[in-house]
Amino acid sequence: MTDRITLSLELNGVPRRAEVFPMARLLDVLREDFGLTGTKEGCGEGECGACAVLMDGRLVNACLVPAIQARDARIRTVEGLARGEALHAVQEAFLQHNGVQCGICTPGMLLAAADLLERHPCPSEAQVREGISGNLCRCTGYAKIVDAVMAAAERMGGRP
Amino acid sequence: MEPTCVGTSVLRREGRDKLLGAALYTADLKVPGLLHGITVRSRVPRGRVKAIRFGEGIPWDEITVVTARDLPGPNVVVHIGKDQPCLASEWINHPEEAIVLLAHWDPYLLERARAAVTVEVEELDPVLSLEDSLARRQVIWGEDNCFKAIRIEKGCVDPVWAEAAHVLEGEYATGAQEQLYIEPHIVVAEATEDSVFVRGSMQCPYYVHHALVELFGLPEDRVRVVQMATGGGFGGKEDYPSMIACHAALLARKAGRPVRIAYDREEDMACTTKRHPSRTRIRSAFDIEGRLQALDIHFLLDGGAYMTITPVVLSRGAIHAAGPYACPNVRIQARALATNHPPHGAFRGFGAPQSLFALERHMDEAAVALGLDPAELRRRNFLRKGDTLATGQVVKEDLDLPGLLQQALREIHYEDAKAACALQNASGGPMRRGVGLAVFMHGCGFTGSGEVTLASRAGLEALPDGSVRVLAASTEIGQGATTVFTQIAADALKIPMALVTVAERDTDRVPNSGPTVASRTTMVVGKLVQDAALALRHTLLTSGLLKEPYGPDAFREAVARHLTERGPLEAIAQYQRPPDLQWDDAAYRGDAYATYAWACYAAAVQVDLVTYEATVEDFVAVQEVGRVINPVMAAGQIEGGVAQGIGWALSEDVRWHRGRMANASMTNYIMPTAMDLPPIRVFFQENPHPAGPGGAKGIGELPMDGTAPAVLNAVAHALDVQPRQVPLTPERLMELVEVPRD
Amino acid sequence: MRGQVPDCRVVAPSSLPEALDLLGREPQDWRPLAGGTDLMVLFTAGRLPETRFLDLSGLSELKGIEVQEDAVLLGALCTFTELRQHPLLRAEFPNLVEGARQTGALAIQNRGTLGGNLVNGSPAADTPPSLLAYGAELELRSALTGRWVPCEAFHTGYKQNALLPGELLVRVKLPRQPGGLAFHYFRKVGTRKAQAISKTCLSLWARLEEDRLAELRIGVGSVAPVPFRARRTEERLLGASAAALPLAEAAGTLMDEVAPIDDIRSTAAYRRRVTGNLLVQALERLADWAGSESLR
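Glancing now at the sheet that holds strand 14 (residues 292-304) of chain B. Spatial ordering of the open sheet is given by 7-15-14-13-8-28 (chain B), a layout of six strands whose pairing is mixed. Because the sheet does not close on itself, it has two edges, and the strands there are strand 7 (146-154) and strand 28 (725-726) of chain B.

Take a look at the structure:
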C-alpha cells in the first residue's frame, strides 16, 4: 500500500484538506472524503458527464481526474452553484422549464451549462447542444434542457 | 376554491432538491458498518458447474461468501414464473448468471477476490438465435423452448388471399435495446434471521418485496423495501432490482452487517435486462381501393434464458401488432422463445414498439406497392368509433385518427417537404432527404385482466398540521409521478398543492399501488388517488367539520380537528373493474385495455450517402392522451421517449458475442447526445377519457412505439429502399444502397 | 472502481530533466500520466497492469504553443481545447483544430492532451491523421539525448510506437507553409456527433501549382492498426490536374491501401468504402476550390 498524500484544494470557495491516495478519483474524493454527494457517477469512463465539475474554471469529468492532479485546484460542484436560498440562474431555469427529470445527470448538466454561459453568454441553440454534448441524459431528449439553458442565458442578459 | 392544478404545468415537486444536488440517491446513503458486495458470474452461455475454486493469496476468512448452498429456502427470484434461480448452482443458462457473492468492507480486496474465484464449467452447446431456438437445436427451456404462445383471431384470413387485389409480405427485425438509465443498479440491504430491509433504485418496491418474501420465507411484515431517489428506469428497474436486492440481502444476513451492491456501468449493461429482440412476418391483403382485407402476423420475441416478465411483453406486442387499423380479418400468432442470452425484460413500450415497427414499415411498403401516398393509405384504413380491434375490443371513444394525421402533416409541412425532397434527391448529390410517418396507439395500464389481478390500492392520510399525504407505492423515477399525484389530490380536495405531500415509497407505510410500469401510474393509480381524495373530502364534509365553500385554512383546521377529536383520517381506494370491460384470457378476446393513447408521428431525415448516416432533422409528435395533467411534464415524457426511439432506430445496437454483450459501455453503445437529436415538437389533442383522473390516459410508453418506424419510413422515402431492421446503422444502410465491392 | 487505488504510487516531478532522469533509471517501471482521459478509463476498469505513474501534468517544458517563422511547436501537454482556441492553428492548420474539436466533448478536450493522443497509439485517435497530413515531426527526449522523428514513423504497430525506454514525447512540430494556396479537408466519421470514437477519418492537405497537384498528404485513421499516410494514393494523384482528378481510381487505390477490421464499432466493408467516399468528396471539393481560385 502506498502513502496517502495531503490534498489541499478550494472547494466551492472554501479551503479544504484531505489525506487521500494519489490515484483516488476526484469523484470519490468529493463524495467520500468531502461528503459532497451531489456529484454523480454514471459510467466511470468519462462518457456520461454525470460527474462533471469545474476545475480551475474548466469543465472536467471528476471520474478521470486522479487526486494528485487536483492539488491546489479550485473546484466547483453542484453544491456550490446556489447562493444560500437563491438558485443559480441555470438552476432556476432548469426548474422552470422542467429540465430535470430523474435528476441523475442534472448536477453535471448544470455545471456544463454554467460553463457554457461563462464562455458564450448569448449562445445559439447549436452552441448549447455542443456545450452539453458531453453530458448524456436519457430522460429528456435534451429538449427541455436546451430550453432551460437558452432561457438562463436570456435571464442573465448576456452576463456570465 | 376551484380546481386549478390539473391541466397546468406546475413545477416539479422534488425539482429543487435534485437541482441542489441534495436529493438522496442510494449511493448517497451513509450507512455505518457498510460492506460492499460483488458478484462472480458464469461467463459461458450454457453449461454445468463442476467446481468453484477460491484461489490463493486472499484472506477468505475475512470475506463473506454466499453461494446457492447458503439459500434459506427455494432458489428462485420470483416474477411470473419461478424458473429463475437467485444463484446458479448446477446449471448455467446464460453468461451473466450469478454464482458466488462476496462482501467485505474493502472494495479493493473484493476486486482481487473476484479475480481469484474460478468457476469450472463443462460447457454445453448454447442457443443464441431465434432460429436455433425455433428449430430446437437444443431444448433449453420447458419442452419446446417456448415461454408463451398467443393466438389472436378476428374473422378469417385464409380465404382472403386468393381474391385480394394486392397481397404483400415482409419480414422485420428489431434488436435488443439497453435502457441506459444514467444511474446504474444499486441497493443497500440489512438483514437478520427474521427480517430484511432493502433500500435501492427501483421502479416497483412491491415486486422487490415479493421476491424477498419468497426467497427468505418471511412474513410480509418482516420485509421492508424503500425506494430511494432513482436515476431513471424506463423498464430497466422493473424486475432486475428483485435479483440484486436478493443478493445483497443474502450477503447482509450472512455477514450480519449492511451490504451495498452497486453495479458499475459495464456490469449493469452486460447483466441486466434489455428490450426483447424481435422478428415479425407480415402478410397483408388490400382491396383495389387500398383497404386492408387481411393481416396475418407472426411475431417472435427472444426472451433470453428465463421467463421473468416475457409472457406479458409478448402479450402487449401481439395485441398491438395490427395497429390502429380497421381490418376485418386478422390472425396474430406470437411466441416468446428461450435463448442463452441474459433474460430480456421491460423497456418502455414493452413489446409494442417491436410489432408496431413491423406494421408501420409494412404500411409504407404497401403504399409504394399500391401507388398511394403513405398518409392516404393509412387514412383509408383508420379505426373509427364503433370499429373493432384485433381482440374484438370495440372502440367506444370519439377516436379521431384523421385529425391526428392532419395535424402531423401540417406541422411537418408534408406536401412542401415531399416536394423539397424530390427536388433535392433529383439533384444527384450525396445529401438525400425524406419524410416519414407512423400512426399507432398504446394501451394504457396492465393488459387484459392484469389490473383486476393487481387490485391496486392507493390513498391519502391526514397529518396533524392539517395537510394530507398521498400514499402510493408508485415511484417517482423522473416521469413526474410525485407532482402529478399532488396535482390530482389537490384538485380533488379543492386545496392548494402546498397542503399535499407524497409519502416516501416505503412498503411499511404505503399500500401496494402496483408496479410503476405500463403507462398506468397517472391513469390507474392517479384515479385511485382521486377517488381516495374525494372520499376523504366527503368524510370531512359529512362530519360537519368542513363546509363548502372552504379555503385552505378551513381545510387545515377541519383536518386537525378530525385528528384530535375523532382519530386518524385516511382514505384508501382500490381498483375496481369497470363493468363494461370484459377480457377472456384463454381466447385472447375482449377489452385488452381500458383505453388507448393514440398518436401520429412524423420525421424528416437527411441521409449523407458519403457516410450512410441518417440524421433526423425535424420531428413532430402529435398525440391524443385524454386530458393532459401537466403539459410541460407530459411533453417531457414524449420528448424523452422520442429520443430513445431515435436511438433505437439509428444507433443503439447491442452487439452479442457468445451470448454476452460485447459493447457494454457508454462509449460503444451509442445513445444520442444533444447534438444527435433534432428539436422534438410535441402536440396534444385532448379528449378526456372517463377511466383516468380528470380524463387522463397513460402516456409514458407511447412515444417509443412510433418513433422508429417514422424515422425509417423517412429514410425509405429519401433513398427509395425498404429497410426492415432497426437499428438502421450506417453500416446496414450501406449494405442496402450499395453493391458489395468484391 | 476496479483499479487497485491503494497500490498505486505517483511521482510528480517538477522539471523535465527530473522526469527524464527517473525514466532513464527505471524505464520499465513508470507509466507516464498526462490528462488521464485514456489512462483513468483503463485504470478504473481494472485493465491497467501498471501501478507506478509518472505525472507529467506539471511540467512547464511540455506546455504551450510556440509560433516560429517556419514552424509551430506544440507542447505535448497541449490540450484539445488549447488547439481549438489558437488563432494561428485555426488559420493554418484547420484540420488539426477540427480533429481536436471532434475529440470526445468539452470535458475531455479540457484535459486530454496532444501528446497523449499520439502516445496512446489508438488507430482511432483524432489528431494523428491531421498531423500526418501536415507533415508533423515529433520530438522524443531521453535523459541523455533528443531526436526528431516524422509523425509517419512514430506509430509502429497496434498501440505501439517508436519511443525507446526512457524516452518521452515532448513536442510536436508543424511546418508552416511558405505562402501559396493550400487546400485542407478533414472529416471524421464517428459513431455519433459528439463523444464519438472514429470509424474512419481522413485528413488531406494539398498544394497546387498551375492547377496541378504539386504536394499532397493524406492521413487516415481507424482503417489500419495505426494511423498512416496513404502514400500510394498520394502518388496516384500527384501531378494530376485539379480539373481532371482521377476520382474513382484514387478512391480504388485508397480502398486497397487501407486494412480495416470488423469490430464492435463498425465493419471492415463500411470503413473501406466510406474512406474511399471521403476521398472522393475531398477531391471534388478540391476541384471546386481550384476552380473558384482560378477565377480570382
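If you walk through the whole model with that rule in mind, you get 83 salt bridges over all chains. Arg-361 of chain B is the partner of Glu-365 of chain B in a salt bridge, and the nearest nitrogen-oxygen pair spans 3.4 Å. Pair noted here: Glu-365 of chain B and Arg-361 of chain B are both in helix 9 (residues 352-370), with a separation of four residues, about one helical turn. Accessibility assignment for this pair places Glu-365 of chain B and Arg-361 of chain B in one class, buried. The closest approach of N and O atoms between Glu-139 of chain C and Arg-171 of chain C, which form a salt bridge, is 2.7 Å. Of this pair, Glu-139 of chain C sits in strand 6 (residues 137-141) while Arg-171 of chain C sits in strand 10 (residues 168-175), placing them 32 residues apart in sequence. Judged by its relative accessible area of 26%, Arg-171 of chain C is partly exposed. Each of Glu-130 of chain A together with Arg-84, Glu-98 and Arg-101 of chain C takes part in salt bridges that share partners, so that together they form one network.

So, about the sheet that holds strand 20 (residues 570-574) of chain B. Residue and element names in this part refer to chain B. Across the sheet, which stays open at both edges, the four strands sit in the order 19-18-17-20 with mixed pairing between neighbours. Of all strands in the sheet, those with a lone pairing partner are strand 19 (500-502) and strand 20, marking the two edges. Going from strand to strand, the sheet's axes swing by 20° on average, the running direction of each strand aside. Across five bridges, the pairing between strand 17 (residues 457-462) and strand 20 is antiparallel. Note on strand 20: the bridge partner recorded for Gly-459 is Ile-572. Along the sheet face, helix 15 (residues 521-543) touches strand 17, strand 18 (468-471) and strand 20 and points at about 40° away from the line of strand 17.

Below, the discussion takes up helix 15 of chain B. Under the 1.5 Å per step criterion, the end-to-end length of helix 15 of chain B is 31 Å for 23 residues, consistent within 8% with the ideal 33 Å. Gly-544 of chain B occupies a position one or two residues after helix 15 of chain B and carries a positive phi of about 85°.

Turning to the pairing of strand 9 (residues 186-192) of chain B, a few remarks are in order. Residue and element names in this part refer to chain B. For strand 9, the buried fraction is high: five of the seven residues fall into the buried class. Both strand 9 and strand 12 (residues 259-262) contribute to a ladder of four bridges, which runs antiparallel. Each bridged residue has a counterpart across the sheet, and for Ala-189 the counterpart in strand 12 is Val-259. As judged from the six bridges shared by strand 9 and strand 10 (residues 195-200), these two strands associate in the antiparallel manner. Counterpart to Val-187 in the pairing with strand 10 is Gly-200. The antiparallel hairpin formed by strand 9 and strand 10 contains two residues in its connecting segment.

Quick look at the environment of Ala-173 of chain B now. All names here are of chain B. Along the chain, the position of Ala-173 falls in strand 8 (residues 166-174). Judged by its relative accessible area of 23%, Ala-173 falls in the partly exposed class. Sequence spacing of Ala-173 and Thr-615 is 442 residues, and the spatial spacing of their C-alpha atoms is 21 Å.

All names here are of chain B. Where helix 17 (residues 631-650) contacts helix 18 (residues 702-719), the two axes come as close as 8 Å, and the packing angle between them is 45°. When the axis of helix 17 is compared with that of helix 18, the two are oblique. Judged by the sense of rotation from one axis to the other, the crossing of helix 17 with helix 18 is right-handed. Every residue of helix 18 that contacts helix 17 at Gln-637, Ile-638, Gly-641, Val-642, Gln-644, Gly-645, Ile-646, Trp-648, Ala-649 and Leu-650 is listed here: Pro-703, Met-704, Thr-707, Ala-708, Val-711 and Leu-712. Counted by class, the contact of helix 17 with helix 18 contains 11 nonpolar, five polar and no charged residues.

With that settled, consider the interface of chain A and chain C. With 28 residues of chain A in contact, the opposing surface of chain C contributes 33 residues. Summing both sides of the interface, chain A and chain C together bury roughly 2,600 Å²; the carbon and sulfur share of this comes to 59%. When the buried area of chain A at its contact with chain C is split by residue, Met-23, Leu-64 and Gln-69 of chain A rank highest and sum to 27% of it. Taken together, chain A and chain C are joined by three salt bridges. Counting across the chain A and chain C interface gives 11 residue pairs in polar contact (both at pLDDT 80 or more). Of all elements in the fold, only strand 4 (58-61) and helix 4 (125-131) of chain A reach the threshold of two or more residues within the side of chain A that touches chain C. Considering every element that reaches the side of chain A that touches chain C, the biggest residue donor is strand 4 of chain A, with four residues. Taken together, the residues that form the side of chain A that touches chain C break down as 13 nonpolar, eight polar and seven charged.

Procedures and definitions
- Residues numbered from 1 in each chain as written.
- Chains lettered and ligands numbered in written order.
- Predicted model: local features only at pLDDT ≥ 70, side-chain atom pairs only at ≥ 80, totals over all residues.
- Heavy atoms only, no water.
- Pairing = 2+ DSSP bridges.
- Helix = DSSP H or I, 4+ residues; strand = E, 2+ residues; numbered from the N terminus.
- Salt bridge = Lys/Arg side-chain N within 4 Å of Asp/Glu carboxyl O.
- Buried < 20%, exposed > 50% of the residue type's maximum accessible area, 1.4 Å probe, protein only.
- Axes fitted to C-alpha atoms, helices over the stretch in contact; angles between N-to-C directions.
- Contact = heavy atoms within 4.5 Å.
- Expected span 1.5 Å × (residues − 1).
- Parallel < 35°, antiparallel > 145°, perpendicular 65-115°, else oblique.
- Left-handed = near helix turned anticlockwise from the far one by under 90°.
- Nonpolar A, V, L, I, M, F, W, Y, C, P; charged D, E, K, R; others polar.
- Buried area = accessible area lost by both parts, 1.4 Å probe.
- Polar contact = N/O pair within 3.5 Å; in protein donor to acceptor, adjacent residues only side chain to side chain.

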